[in-house]
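One letter stands for each residue in the lines below.
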Amino acid sequence: MEAAHPTQRAAARPGARLDRARQAAPQVFERLRNAIIALELPPGAPLSRAELAAQFGVSSTPVRDALMRLEEEGLVDVFPQHATVVSRIDIGRAQQAHFLRQALELEIVRLLAEQHDDALVIRLDHAIALQQQFAKAGDFEAFMAADNEFHAQLYADAGKQDLWALVRSRSGHIDRLRRLHLPSPGKAQNIVRHHKLITRAIEAGDADAVQQHLRTHLSGTLSELDKIRSHHPEYLAD
């Protein structure tokens with residue numbers, strides 16, 4: 001029988017029941033994926049289908065479907081007839097996700113700078129204010145959510161929401177690297193500073209500057225890979 005990991009119980013505790021008005025499998029997937037990204041379910045944590053079904057109050061089918069989606073994203077390793085465990089962070093996948101995101105987002109921010117939409121600037125400034133609030137409170141999960149909202153707004157205003165969904169589906173490994181890196185002194189403040197520079201460049205209609213600021217911003221975590229590996233070797237795949 002698969003052993004339950006203590007962080008698994010924290011991430012999928014019975015008090016966090018599902019919304020019965022929505023399909024169960026996507027909700028189980030979202031809850032587990034969020035817990036994996038937040039490292040509440042760290043690499044190596046076992047995932048028992050039976051226990052997850054009991055904790056979410058669902059049959060085994062939604063849990064199975066959710067775990068299949070997580071396996072497709074490389075976030076869990078499934079060993080048939082043995083166990084399902086949270087995968088280690090795959091640096092190759094992280095680098096590919098970075099390449100994809102940078103290629104798309106550089107063109108998106110150039111387009112937005114050329115469009116010069118004052119309403120977008122207001123929305124981005126609001127997202128930045130939230131990030132500053134969460135950084136001050138040391139709430140890293142809320143900070144990462146606000147960080148994602150900042151970038152999601154860029155895609156939405158460019159009419160590229162489907163591309164944002166694609167980026168998110170490929171970003172599980174690099175997002176875990178970011179979560180490991182985020183508590184480092186000054187990291188959250190640097191993210192906020194970069195977002196301000198990106199926003200001001202969009203406001204000024206400076207397409208070259210906004211691309212430069214975005215490129216610097218997106219490269220931050222991978223540029224610190226050796227440091228992250230030295231602090232968390234057990235989380236990263238060889």
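Residues numbered from 1 in each chain as written. Predicted model: local features only at pLDDT ≥ 70, side-chain atom pairs only at ≥ 80, totals over all residues. Heavy atoms only, no water.

Things to note about the packing of aromatic side chains
Working step 1: Enumeration according to the criterion identifies one aromatic pair in this entry.
Working step 2: Considering the side-chain rings of Y155 and W164, the 5.0 Å spacing of their centres and the 50° angle between planes classify their relative orientation as tilted. Here the two residues Y155 and W164 agree in accessibility, since each one is buried.
Working step 3: Above the ring of F29, the side-chain terminus of R69 is found at 3.7 Å from the ring centroid. (Phe/Tyr/Trp six-rings, centres within 6.5 Å; stacked < 30°, edge-to-face > 60°. Buried < 20%, exposed > 50% of the residue type's maximum accessible area, 1.4 Å probe, protein only. Lys NZ or Arg CZ within 6 Å of the ring centre and 35° of its normal.)

Quick look at unusual backbone geometry
With the exception of glycine, the majority of residues adopt a negative phi angle, and the majority of peptide bonds are in the trans configuration.
Working step 1: In the Ramachandran plot, L39 falls in the positive-phi region, its phi being about 70° despite a non-glycine side chain.
Working step 2: Structurally, the position occupied by L39 is in the loop between α2 (24-37) and α3 (49-56).
Working step 3: Residue class for L39 comes out buried when judged on its relative accessible area of 15%.
Working step 4: Positioned with a positive phi, H116 is a non-glycine residue whose angle comes to about 55°.
Working step 5: For H116, a relative accessible area of 38% corresponds to the partly exposed category. (Helix = DSSP H or I, 4+ residues; strand = E, 2+ residues; numbered from the N terminus.)

Side note on the pattern of salt bridges
Working step 1: All chains considered together, the criterion is met by 13 salt bridges.
Working step 2: As a salt-bridge pair, E105 and R101 come within 3.0 Å of each other at their nearest N and O atoms. Taken as a pair, E105 and R101 lie in helix α5 (residues 91-115) at a separation of four residues, close to a single helical turn.
Working step 3: For E105, a relative accessible area of 0% corresponds to the buried category.
Working step 4: Assessed through its relative accessible area of 5%, R101 is described here as buried.
Working step 5: With a closest N to O distance of 3.4 Å, K227 and E224 form a salt bridge.
Working step 6: The exposure class of K227 is partly exposed, given its relative accessible area of 44%. (Salt bridge = Lys/Arg side-chain N within 4 Å of Asp/Glu carboxyl O.)

Details of the environment of H173
Working step 1: With respect to the element layout, H173 can be found in helix α9 (residues 172-181).
Working step 2: What H173 contacts, discounting residues up to four positions off in sequence, is E73, G74, L75, S87, R88, I89, D90, R93 and A94. (Contact = heavy atoms within 4.5 Å.)

Points about the nonpolar core
Working step 1: Within the largest apolar cluster, 35 residues are counted, with the highest numbers of intra-cluster contacts made by L112, F143, F150, L154, I202 and V210.
Working step 2: When residues of this core are traced back to their parent elements, those giving at least two are α5, α6 (118-137), α7 (140-157), α8 (161-169), α10 (187-204) and α11 (207-218).
Working step 3: Sort the elements by how many residues they give to this core and α7 lands first, with eight residues.
Working step 4: For I202, the residues in contact, after removing those within four places along its chain, are L112, A113, H116, L120, V121, L124, L154 and V210.
Working step 5: Counting residues in hydrophobic clusters, the runner-up holds 21 residues, among them V28, F29, I36 and L67. (Core = buried A, V, L, I, M, F, W, Y, C linked by side-chain atoms within 4.5 Å.)

Focus on the pairing of strand β2 (residues 83-86)
Working step 1: Residues of β2 alternate between two faces, with A83 and V85 on one and T84 and V86 on the opposite face, all of them buried.
Working step 2: In this antiparallel pair of consecutive strands, strand β1 (residues 76-79) and β2, the connection spans three residues, and Q81 shows a positive phi of 60°. (Pairing = 2+ DSSP bridges.)

Re the packing of α2 against α9
Working step 1: It is the contact of α2 with α9, at a shortest axis distance of 8 Å, that shows an interaxial angle of 45°. Judged by the inter-axis angle, α2 sits oblique to α9. Within the contact between the two elements, α2 uses R33, I36 and I37 and α9 uses G172, D175, R176 and R179.
Working step 2: For the contact of α2 with α9, the per-class residue count stands at two nonpolar, one polar and four charged. (Axes fitted to C-alpha atoms, helices over the stretch in contact; angles between N-to-C directions. Parallel < 35°, antiparallel > 145°, perpendicular 65-115°, else oblique. Nonpolar A, V, L, I, M, F, W, Y, C, P; charged D, E, K, R; others polar.)

Concerning the side chain of Q153
Working step 1: Inspection of the secondary structure assignment puts Q153 in helix α7.
Working step 2: What Q153 contacts, discounting residues up to four positions off in sequence, is L120, R123 and L124.

Overview of the pairing of β1
Working step 1: As paired elements, β1 and β2 share four bridges and run antiparallel to each other. Residue pairing for β2: F79 is matched across the bridge by A83.

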